[in-house]
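Tertiary structure, described
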Amino acid sequence: MPQHPIPPRLTLRGITKQYPGCLANDDIHLNIAAAEIHALLGENGAGKSTLMKVIYGLVKPDRGEILWDGLPLDVKDPAHARKLGIGMVFQHFSLFDTLTVTENIALALGDDAGDIPALASRIRSVSEKYGMAINPDRQVHTLSVGERQRVEIVRCLVQDIKLLILDEPTSVLTPQEVDTLFVTLRQLASEGCSILFISHKLNEVKALCHRATVLRGGRVSGACIPAEEDTLSMARLMVGENTPVSTTYPKVLGTTPTLTVSNLNLHSHDAFGVHLKQLNLQVNAGEIVGIAGVAGNGQEELLAALSGETRASAGHIQFADTDIGPLTPDRRRALGLAFVPEERLGRGAVPEMSLTENALLTGFLTGLVKRGMVAWKKTEAFADQIIADYKVKTAGRHAQADSLSGGNLQKFIIGREIMQKPRLLIAAHPTWGVDIGAATAIHKALIELRDQGAAILVVSEDIDELFLISDRIGAICDGRLSPLKPTPESSIAELGRQMAGDFSDAATISPRPTTSRAGSLH
Amino acid sequence: MDIDLITNILYAMVRTGTPLLIVALGELICEKSGVLNLGQEGMMLMGAVVGFIVTLSTGSLTLGFLAAILAGILMSLIFGVITMELSANQVATGLALTIFGTGLSAFIGTNYVGKPITGLEPIDIPVLTDLPIIGRMLFGQDLLVYLSLALFGGVYWFINHSRPGLILKAVGENPHSANAIGLPVFKVRYLAILFGGAMAGLAGSYLSLAYTPLWMENMSAGRGWIALALVVFASWKAERVLLGAWLFGLASILHLVFQGMGFSVSPNLLATLPYLATIAVLVILSSNQNSRLVAPISLGKPFYAKT
């Protein structure tokens, strides 16, 4: 008898999805075998999210076919996908804050949930089996981001799972948490579960995945075995031939102190806020200081205190010779402080205003307003210059801010701040959700500003980025800031410990060289 | 105060609080799903007038109550279609519904003002009803009072112990997550809106068929609004809604008692007492709470499913 080959667990054939003005998926083919960890690589807007929503039944493809264990399948909705054994861990978690872990999981399980106490013990045993300790009775809003992700994963594991889809799962984790997650995923795969791992972090894909499919502009631009590739060749598949992706920047030492934060204590009035505790920080002229940290550890509060959105009592925040703690944001800007907030739309720019008007919003101090009147000609010239100098892709200065892609709007905002020649630039997550080409451009602009003698503070969750551009580096955890170290003397492992709140100087552990990472993609 | 007075105060407290309890329970379910319907007052008035007209013309109280429920459901269906299908602003739509219901009920009730009917009678259980102090309060009410208590028990159990109740809370907290894990957001919200309408209609007909068996323009006298405030200050908890409704009943009775005792305070000022007392007590109860954890997080926000 002829032996039939075992069909792949999941096959996608010619998946095509058209959105108004954008072909999100164009004739995509993909195979995932049982027990395989398969990476789906691509930049923002490459079509990764759309594709996984098609698999999970959230989006109907216009054309194409899905085969499940070799048989044609029409995934009606997420409930149907779950019945088949397809689980998904979302990038922006789909949890309910005011419900307990068990209640959250019960909701997703539908009628199979059983009664709550029985489910709670099932959750306990599954989470122990896979090394993801979790208390089923806790309310979700009391959990850290890493723990929330565990809830999402355990929610998939309490069912009979055959395919687990993870969307950018490591973006919210410390390096140590990433290692733990990988152990779990490998164990899961060894038991026969297929895993679709969506990411743009090439180091992680190399470390974890058996095969990779790369998307670019909605099409499959290549497939590879990550272990046999170097990160640069995979990056090429992601961004194409014409975008510069690899750079290192020389590390420098700053000169005179520009920003000095001393013993800053700040009580947050937000119920879910973090209180800043005994925070000390110095940023010198001509250097970039990078602060890492898992989201929600006081970054927002620190940034608000520095930008002036919340004000501190006198004597704690010094800008050159001025005590700026009690000053409002515009007074601080007048002194030469510039700020790039995390939210581009809403705080960095007004979504429904044109680029010219948005240029005016922070540029008004540089002679664009005379005797209370706006000098529109000058403002338009200013906007045009930002667009030209920072290669912002847009229909023109009259375009609304929200018509730009995230990367282009970010280039515009950063350009707007840098062109005002600030003495201190504070940038929050400057390349969050930005593609590699734009990220490189933004990094170059920051380095250039540094070399002109400005002090720069970067707060980011992207460790690779911080190692790439920072001259000194540290981490914030629960409102406390670790001591800052020259970047070459720190290591991923040490920064990871600091992100988890361990600020001890681990001199006994020899620091891992960071140059190899700096040479990689980010 | 003599025993008879206390007995009567307790009896009237529950009776007066009942329409408020019914409409507030409906609004509680509605808001738990994330929908804020400010049309309670209009829906109550429609329930009151429709229930009255049907009972007057058929002679059947049962038909009157059922018709009132139906009227409330139809009113809330208007709200549902406008806010869910057309994604209109919930606050504006609810306000319009109240104005619409107030006007329409006055219009169709013009010829029925002052006409007499026999309202729903209290039950009378020998011995038990005649017990001092608690006898009439517990054993001498009309059937709808007992129904309202059953509704309270049902809503309490539904929200805190049932799986559909869990789904309701999830939809109200985060409809996008709910949609992502496959919960039927639209269906849940529609059902919650319709339940709110049914309860408002029933509460309205309690006024016109049991509490004061007649039809009068604007006879709900702001109870729909008080119910809305009640739900908020009760921190979206069913047991506190019950407490607030009865408090309102007690204060309503006390102001009559005070007038009867000849207090030299303006009766108009005394008439504000139930509103003030209810809100004051519930504000104190709900202070010092983390409001972000109490209110349904998506309350009042429309949901658009992305495909």
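Here the structure is shown first, and the text comes after it.
Figured I'd write up the structure that's included with this text. Quantities reported herein were computed from a predicted structural model and do not represent experimental measurements.

Below, the discussion takes up the nonpolar core. Looking at soluble globular proteins, one finds that nonpolar side chains tend to be buried together. Ile105(A), Leu107(A), Leu164(A), Leu185(A) and Ile195(A) are the most contacted members of the largest nonpolar core, which totals 130 residues. For this core, the element with the highest residue contribution is helix H9 (residues 185-211) of chain B, accounting for 14 residues. With 49 residues, the next largest nonpolar core counts Ala359(A), Ala383(A), Ala445(A) and Leu446(A) among its residues.

It is worth spelling out the sheet that holds strand E1 (residues 10-19) of chain A at this point. In a beta sheet, neighbouring strands are held together by backbone hydrogen bonds and run either parallel or antiparallel to one another. Residues and elements named next belong to chain A. Pairing is antiparallel in the open sheet, where four strands are placed in the order E2-E1-E4-E5. Because the sheet does not close on itself, it has two edges, and the strands there are strand E2 (22-32) and strand E5 (71-73). The sheet shows a mean angle of 30 degrees between the axes of neighbouring strands, taken without regard to direction. Here strand E4 (residues 63-68) runs beside E5; their pairing, made up of three bridges, is antiparallel. Counted as the bridge partner of Ile 66 is Leu 73 from E5. Across the sheet, helix H1 (residues 48-55) lies against E1, E2 and E4, angled at about 120 degrees from E1, the strand it touches most.

All names here are of chain A. By volume, the second largest pocket amounts to about 940 Å³. As for the second largest pocket, its lining consists of 36 residues, and the residues nearest its centre are Tyr 390, Lys 411, Gly 437, Ala 438 and Ala 441. When contributions to the lining of the second largest pocket are tallied by element, the ones reaching two or more residues are helix H8 (231-239), helix H13 (406-418) and helix H14 (436-451). Broken down by element, the lining of the second largest pocket gets its largest block of residues, nine residues, from H14. Broken down by class, the residue content of the lining of the second largest pocket amounts to 14 nonpolar, 12 polar and 10 charged.

A few words on the packing of aromatic side chains. Under the defined criterion, the tally for this structure stands at five aromatic pairs over all chains. Here Tyr56(A) and Phe90(A) contribute two aromatic rings whose centre-to-centre distance is 6.0 Å and whose plane-to-plane angle is 75 degrees, an arrangement assigned as edge-to-face. Taken together, the residues span a long stretch of sequence, with Tyr56(A) in the loop between H1 and E4 and Phe90(A) in the loop between strand E6 (86-89) and helix H3 (101-109) at a distance of 34 residues. A centroid spacing of 6.2 Å and a plane angle of 40 degrees characterise the contact between Phe152(B) and Tyr156(B), whose relative ring orientation is tilted. Of this pair, Phe152(B) and Tyr156(B) both sit in helix H6 (residues 143-161), four residues apart, which is roughly one turn of that helix.

Our focus in this paragraph is the packing of helix H3 (residues 61-85) of chain B against helix H4 (residues 90-108) of chain B. Residue and element names in this part refer to chain B. Contact geometry for H3 and H4: axes closest at 10 Å, N-to-C directions at 150 degrees. Taken together, the axis directions place H3 and H4 in an arrangement best described as roughly antiparallel. Between H3 and H4 the crossing geometry is right-handed. For the pair H3 and H4, contact is made by Met 75, Ile 78, Phe 79, Ile 82 and Thr 83 and by Gln 90, Thr 93, Gly 94, Leu 97, Phe 100 and Gly 101, respectively. Residue composition of the contact of H3 with H4, grouped by class: six nonpolar, five polar and no charged.

A few words now on the pattern of salt bridges. Residues and elements named next belong to chain A. Under the definition given, this model contains 22 salt bridges over all chains. Note that Glu 287 and Arg 472 form a salt bridge whose closest N and O atoms lie 2.8 Å from each other. Residue Glu 287 is located in the loop between strand E12 (276-284) and strand E13 (288-292), and its partner Arg 472 is located in strand E21 (residues 472-477); the two are separated by 185 residues in the primary sequence. A residue is classified by how much of its surface remains accessible, and Glu 287, at 1% relative accessible area, is buried. Relative accessible area serves as the criterion here: at 18%, Arg 472 is assigned to the buried category. Residues Asp 471 and Arg 450 are paired through a salt bridge, measuring 2.9 Å at the closest nitrogen-oxygen approach. In this pair, Asp 471 is assigned in the loop between helix H15 (463-469) and E21 and Arg 450 in helix H14, connecting sequence segments 21 residues apart. For the pair Asp 471 and Arg 450, one class covers both residues: buried. One continuous salt-bridge network, built from bridges that share partners, spans Glu 309, Glu 343 and Arg 347.

Criteria and cut-off values
Residues numbered from 1 in each chain as written. Chains lettered and ligands numbered in written order. Predicted model: local features only at pLDDT ≥ 70, side-chain atom pairs only at ≥ 80, totals over all residues. Heavy atoms only, no water. Core = buried A, V, L, I, M, F, W, Y, C linked by side-chain atoms within 4.5 Å. Buried < 20%, exposed > 50% of the residue type's maximum accessible area, 1.4 Å probe, protein only. Helix = DSSP H or I, 4+ residues; strand = E, 2+ residues; numbered from the N terminus. Pairing = 2+ DSSP bridges. Axes fitted to C-alpha atoms, helices over the stretch in contact; angles between N-to-C directions. Contact = heavy atoms within 4.5 Å. 1 Å grid on protein atoms, 1.4 Å probe; cavity = no way out; pocket = protein on both sides within 12 Å on 5 of 7 lines; lining within 4 Å. Points joined across faces, edges and corners; volume = space filled by probe spheres on them. Nonpolar A, V, L, I, M, F, W, Y, C, P; charged D, E, K, R; others polar. Phe/Tyr/Trp six-rings, centres within 6.5 Å; stacked < 30°, edge-to-face > 60°. Parallel < 35°, antiparallel > 145°, perpendicular 65-115°, else oblique. Left-handed = near helix turned anticlockwise from the far one by under 90°. Salt bridge = Lys/Arg side-chain N within 4 Å of Asp/Glu carboxyl O.

In short, shape yes, function no, at least from these values alone.
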